[in-house]
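# A structural walkthrough
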Amino acid sequence: MQLLNKLEGDQTMIGASDKSRLTMTEFAKESRIRADSYHRYHIDTIETPDRQSLPNRFLVSVGKFGLAKLLVSEIFEYWGKWDVVFARPCTYGVFSGPVGGFSPRPEKCVGCLRCTIEHPGFVTITPNPALETLGDSYLNSKIISTIDEEARKGTVPVRGQGYRGRFGGPGWDEMFTDMSEIVRPSRDGIHGRELISTIVDIGSKPMRLQFDSEGSLVSAGPKMMSIQVPFVFDSPAGSVMSPRLAKIWKTAAEQVDTLALISADIVASNNLESPSVVPIFSLDSFESANSFKNGTRMVQLDGWGASEYESMTSSNPDLMISVRMSFEEGWQDQLSEMVDAGVSVIHFVANNHGEADGGRFIMDIIIEAHEMLLKAGVRDKVTLLHSGGVVAADHLPKAIICGLDAVGLDLPLLIAIQARLSGDTSSRERYTAKLPKKFDDKWACQRIVNLTGSWRDQMLEILGAMGIREVRRLRGEMGRAMWCSHLEEEAFSEIEGFTGGGI
Amino acid sequence: MAKSKLPVFPSETLIHKITHLMHDGMDARTSGEFEIPPALGDARWTDELILSTWHMAATGTLPDNLNYKTGESNGGFDRLDFKLLDEEQWLKHSEDIKTSIPLNRRGDHRKKLSPAIPIYGGGMSYGSVSVNVMMSRAIHAKNWNTYMSTGEGGYPEELYDCRDHVITQVATGLFGVEEKSIQAAPIVEFKYAQGAKPGLGGHLLASKAGEEVAKMRGSVPFVSLFSPFPFHSTYSVEDHSKHIDWVQTINPDALISVKVSTPHDVDMVAVGSYYAGAHIIHLDGGFGGTGAAPEIAKKNIAMPIELAVPKVHKFLIKEGIRENVTLIASGGIRTADDIAKAIALGADGVVLGTSDLVAMGCTRCSNCEGGPSGRGCPWGLTTTDIELQEWVQQEWAVKRLDNYYTALQWRLRDILRKLGLSDVKELVGRTDLLVYTRSDLK
């Protein structure tokens, strides 16, 4: 009955303005209003068909003579039993067109291979080389196909049978995430009965509060904002980003309640200012940040310049100012300098294969950065973002385990709207993207929203298995990760010939 | 769902035609009469592993020209090999080489079960597979004096004919769990988690939860069924012990198996399970099979079985209880060589699931959950579609499984004799008989 008393004096509550206590009827009404006004965060996904479909997974080749011969022989053998004669070896409709196997429909083939096993003499199913050559060694055709499905359906990809790939690494594959066998705080979170939060805080929290002798707070409080998902939309290569894409990024970010990082020029010239948009300024154009105050919560400086940052913060005291920095040789010193200067949001960048600092993979670098800040006792004063090398749903929780607060997505968003990438796709700037010939902004926006819905749900699967109720608690939780090479060392070190785990 | 008309029970003629085409086609592919299908296989189950399994299932012998030993995953079992003795030291190939293992090592009054081979069948529920597949596995288990698990989907009436060889699984959703099926079981298996989807519970998509399946599970037809994770009454080893007490009150003779996946603390879980009363600790690794699982869960959550087995084996030794409990490994075990390697790493025996399905014709196309047709497996394995399930005829499937296990046992004995061992129990934990190979040496 605490609510009855708690509502006393609350002038905004119906029935509470002229009474010290609510009647049971009023209490019930209040409770109903409160319950109805509760909004549980959810990403609305809608199946959104392709505009530029990927090549079929398989090629289907049927020998016409062999098929005709089979038909003739079966007509005689099963005369009158037409269900038997015309029974096709495909439940997916590859041979269900008007002329059956004489004109197969490879787009329906899922590779069950029943047809080619039953009729080895004249049916051949081959993997489609046009699909296999999509992408590159990192963002490969398998990942592209998966993103395409996630963006189309907005659901978690579910399949039968087990894992089909390599044993362990390289890259993110080196990490297994942990799970809890019986003891866990979130019972059934992933199936909707309890909430697992994916909210992350962007900004700075004080490491401690300070009070004067009177007990009054004298230190500054937290300066931060929250977004509902542990990822932001980062700007693709300059040659690829356009006002139209920027608008799509912005609309999708607003819908998902995250941030879209877009060049300040594009934001200004297209009136894209929004609380969900983060304009990016070069070091020589930061002075125009003043003009972005309307609704803008955060801006980003593209590179580190102590004087520019100081100038920007002093002239924009209400704006959160993040700084983007590359993981190049000597990044540790730059990171320390930025933290000392009070930068509260640091956005690391690596190439699209997740390589930086002389070819190191970002997993190790992020861990090093996170641990540097922990050791300095300032981890909560800084938000760490990172872009480059996060291209699949499983990379997201793994990157957070390594120490990130949130991840920047760019290439996955382009793949979601069915862009075909070419050029040097390992570089953040030297690739091109061919978008579908015809598409509308609403379609593109929904594809991106679907992708984020799918990735968030997959994040919930990982968190649910671990028994972690919020993604903020996953940050730097390396005790929840297992490294394949370490486990191999533990398991195989006594075995002759073992010289160390990993690839 | 496809636009095609609703499936109907197929005529005898149609069943005859389809099954013959399938069987003849499999034989033609394995005999070398036709080339290996270019779209068959993946890194874990290569085209040659699938075809060699078909060959073994058809003939009961090992193939001459196919790699029946390893896949190409570049790690784990695929990088381990045996340190075989010189040929003059090999034992003679003989049925005297023992392959039986005891399952009850606690020395209590419960059943003393000893399957003839260190293998039994993993849980595949009614709903994820058809009664035909379940019955084929159960009859095969009976023929081989071993066991198969019901999975979590109930205990179809037909299975009672093989009750002495059917393990009743009690999983987190308690679907289809009845006193009658617990009383019938020689072994009751508590499934805490599954390797392919650790910590995520079970999942049967709506399209496969038909009338009979739903009835068995006490549910509504064509509604997706989630078996929640974890057991809602288990927060500790003490709660787990209470579970076991409950089952043992219903069936005092049954052995208790505890199936868990492979998290970081799997060694502690194993010890806790033992002290709660388990006879069998069943570890299910991250590469295990599934009727339906989120792709992100496969491989990314929990560790592969090759890494979990030695961890648990060593910890049980350290705790002084290794001799009192049976350690069973599953989740990605494909071949007789994998079985021997798992045992050398510390397991007593293994559980097979996917291999059984491959022996019965599975091509690992991954459409078990329903696929675009919504009807499930086109080979009739992981489906309850009234037409498709008829493509697996029990007599044929039992013969395939019997042949396959004959070949597995032959190869297992072959490995043992070449290591100078006359009993599979002597291989347990013998990592000194293994050698780790780099991929460039293979």
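Refer to the structure printed above.
In short, a report on the structure.

### Concerning the nonpolar core
Counting 162 residues, the largest nonpolar core has Ile125 and Phe492 of chain A together with Leu283, Ile339, Leu352, Leu381 and Leu427 of chain B as its most contacted members. The leading source of residues in this core is helix H11 (residues 394–418) of chain B, at ten residues. Residues lining this core come from more than one domain, with at least three contributed by each of domain 2 (58–131) and domain 3 (176–208 + 218–486) of chain A. In this structure Phe492 of chain A touches Phe498 of chain A together with Gly76, Leu80, Glu306, Leu307, Leu345 and Tyr436 of chain B, once residues within four positions along its chain are discounted. In this structure, Ile147, Leu409, Ile417 and Ala444 of chain A belong to the second largest nonpolar core, which totals 129 residues.

### Here we look at helix H7 (residues 141–153) of chain A
Each α-helix winds once per 3.6 residues, and so residues spaced three or four apart point in a common direction. Residue and element names in this part refer to chain A. With 13 residues, H7 ought to run about 18 Å at 1.5 Å a step, and its terminal C-alpha atoms sit 18 Å apart, in line with that. Of all the residues in H7, the buried ones are Ser141, Ile143, Ile144, Ile147, Asp148, Glu149, Glu150 and Ala151. Of the surrounding secondary structure, the elements contacted by the buried residues of H7 are helix H6 (129–132), strand E3 (158–159), helix H14 (411–416) and helix H15 (441–466). At the N-terminal boundary of H7, the capping side chain belongs to Asn140, with an oxygen 3.1 Å from the backbone nitrogen of Lys142.

### Looking at empty space enclosed by the protein
All names here are of chain B. Applying the stated criterion to the full structure yields ten cavities of 30 Å³ or more. Forming the boundary of the largest cavity are 50 residues, of which Gly123, Gln194, Gly289, Thr290 and Gly291 lie nearest the centre. Those elements that place two or more of their residues in the lining of the largest cavity are strand E6 (202–204), strand E7 (225–227), strand E9 (280–284), strand E12 (349–352) and helix H10 (354–359). Across the lining of the largest cavity, the residue classes break down as 15 nonpolar, 24 polar and eleven charged. One number sums up the size of the second largest cavity: a volume of about 90 Å³. Among the residues making up the lining of the second largest cavity, the classes are represented as eight nonpolar, five polar and one charged.

### Overview of a nonpolar patch on the surface
Residues and elements named next belong to chain A. A grouping of Trp79, Trp82 and Phe86 is seen on the molecular surface, where their side chains present a nonpolar patch of about 390 Å² in accessible area. Take Trp82: it is sitting in helix H4 (residues 82–85). Given the relative accessible area of 38%, Trp82 is considered partly exposed.

### A few points about helix H2 (residues 24–37) of chain A
Residue and element names in this part refer to chain A. Here H2 spans 20 Å end to end across 14 residues, near enough to the 20 Å set by a 1.5 Å rise per residue. Residues of H2 that are buried: Glu26, Phe27 and Glu30. For H2, the angular spread of the buried residues around the axis is 100°, confining them to a single face. In H2, the exposed positions that point more than 90 degrees away from the buried face belong to Met24, Thr25, Lys29, Arg32 and Asp36.

Rules behind the numbers
- Residues numbered from 1 in each chain as written.
- Chains lettered and ligands numbered in written order.
- Predicted model: local features only at pLDDT ≥ 70, side-chain atom pairs only at ≥ 80, totals over all residues.
- Heavy atoms only, no water.
- Core = buried A, V, L, I, M, F, W, Y, C linked by side-chain atoms within 4.5 Å.
- Buried < 20%, exposed > 50% of the residue type's maximum accessible area, 1.4 Å probe, protein only.
- Helix = DSSP H or I, 4+ residues; strand = E, 2+ residues; numbered from the N terminus.
- Domains from an automatic or database assignment.
- Contact = heavy atoms within 4.5 Å.
- Expected span 1.5 Å × (residues − 1).
- Polar contact = N/O pair within 3.5 Å; in protein donor to acceptor, adjacent residues only side chain to side chain.
- 1 Å grid on protein atoms, 1.4 Å probe; cavity = no way out; pocket = protein on both sides within 12 Å on 5 of 7 lines; lining within 4 Å.
- Points joined across faces, edges and corners; volume = space filled by probe spheres on them.
- Nonpolar A, V, L, I, M, F, W, Y, C, P; charged D, E, K, R; others polar.
- Patch = residues over 30% accessible without salt bridge, like charges linked within 9 Å, V, L, I, M, F, W, Y side chains within 5 Å.
- Areas by Shrake-Rupley, 256 points an atom, 1.4 Å probe, with all protein chains shown as cover.
- Salt bridge = Lys/Arg side-chain N within 4 Å of Asp/Glu carboxyl O.
- Arc of directions from axis to C-beta.

Purely geometric numbers; function is a separate question.
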